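What follows is the residue order along each chain.
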Amino acid sequence: AKLQGNERDKRYMKLNRTTQRTVEILKLVSKDPQGISLDEICERLKLPKTSAYDIVVTLVETGMILVSRGQKQRYRIGLTAYRIGVSYTNNLDYIRTIEPVLKNFSREVGKTVFFGVRSDDEIVYLCKFEPENPIITTATVGTRNPIYCTSLGKAILAFTEEEEREKVLDKIVFSKKTEQTITTRAALKKELEPVQKKGYALDAREAEEHMECVGAPVFNRDGEVLGAISVSSLYKPTEDYETLGRAVREKAREVSKLMGFLGKI
């Protein structure tokens, strides 16, 4: 118990005090539709007025909170905070929409199916569906992998707007995971060219020696890359990964239509 307490203390010490106070102020402001004054914020959160003022001014400037100017300024939750909240809700909505489709797809192909999104130069797994007799995969929901050695990452990167793609490429620090891992920017860019033509990407044992994956991009209603679907299985020399790639591409197109995408992929 003492060890667990020490671990909690260590985690707490890593937290940034200003960020904590900012979150506390946002929570407090969001609870009062009539607005709350700076004095009330300081009193309820026991904050120094100078510290609270600096945070509040920044939140107003970024649109996270609004200020009503009267006899005494009062602060209400802002449009930027609302948009962030809506984005979170929308994310939950689209995950609920695609989950049954991907679950059925996993059963159809008899392999593990993932849905992931890009987070900077990494991939985050948001969904994972396994067949009745799954092959154990190290990736789980919430974990991250490099964008350059995953079929999810390459599928997303290939269809990301060029300017944004170049920014992502600038950030990548290549590391050799297996003998097959791509380790240079030039090699990765060359790899993305056929992905753009075929509509799907391969991870040819680049992240894990024994695993082969294929992935295809999913688009939102505005034609932007929302994420990607991938199918993972133990590597088999006899497996037709190109045919599997086309199947994943078709499923990704189906999911894109569910997301409101009406264009061609």
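Just above, that's the structure.
Criteria and cut-off values
Residues numbered from 1 in each chain as written. Predicted model: local features only at pLDDT ≥ 70, side-chain atom pairs only at ≥ 80, totals over all residues. Heavy atoms only, no water. Helix = DSSP H or I, 4+ residues; strand = E, 2+ residues; numbered from the N terminus. Buried < 20%, exposed > 50% of the residue type's maximum accessible area, 1.4 Å probe, protein only. Contact = heavy atoms within 4.5 Å. Areas by Shrake-Rupley, 256 points an atom, 1.4 Å probe, with all protein chains shown as cover. Pairing = 2+ DSSP bridges. Expected span 1.5 Å × (residues − 1).

(A) Main features of the overall build of the protein chain. Along the backbone of the protein chain there are 9 helices and 9 strands. Taking all 265 residues of the protein chain together, 40% fall into the buried category. Here the analysis covers contacts within the protein chain between residues at least 6 apart in sequence; of these, 56% occur between residues at least 24 apart. Summing over all exposed atoms, the protein chain offers an accessible surface of approximately 15,600 Å²; the carbon and sulfur share of this is 50%.

(B) View of the pairing of strand β5 (residues 122-129). Examined bridge by bridge, strand β4 (residues 112-119) and β5 share 7 bridges and lie antiparallel to one another. Bridge pairing in β5 links Arg-118 to Ile-123. Connecting β4 to the next strand, β5, in antiparallel fashion are 2 residues, including Asp-120 with a positive phi near 60°. Note: β5 against strand β6 (residues 144-146), 3 bridges, orientation antiparallel. The residue of β6 that forms the bridge with Glu-122 is Pro-146.

(C) How the structure looks around helix α4 (residues 49-61). Its 13 residues give α4 an end-to-end C-alpha distance of 18 Å, which sits within 8% of 18 Å, the value for a rise of 1.5 Å per residue. Along its buried surface, α4 packs onto α2 (17-30), α3 (38-45), β2 (65-68) and β3 (74-77). In the segment just after α4, Gly-63 is the residue with positive phi, at about 85°.

Keep in mind these numbers describe shape, not what the thing actually does.
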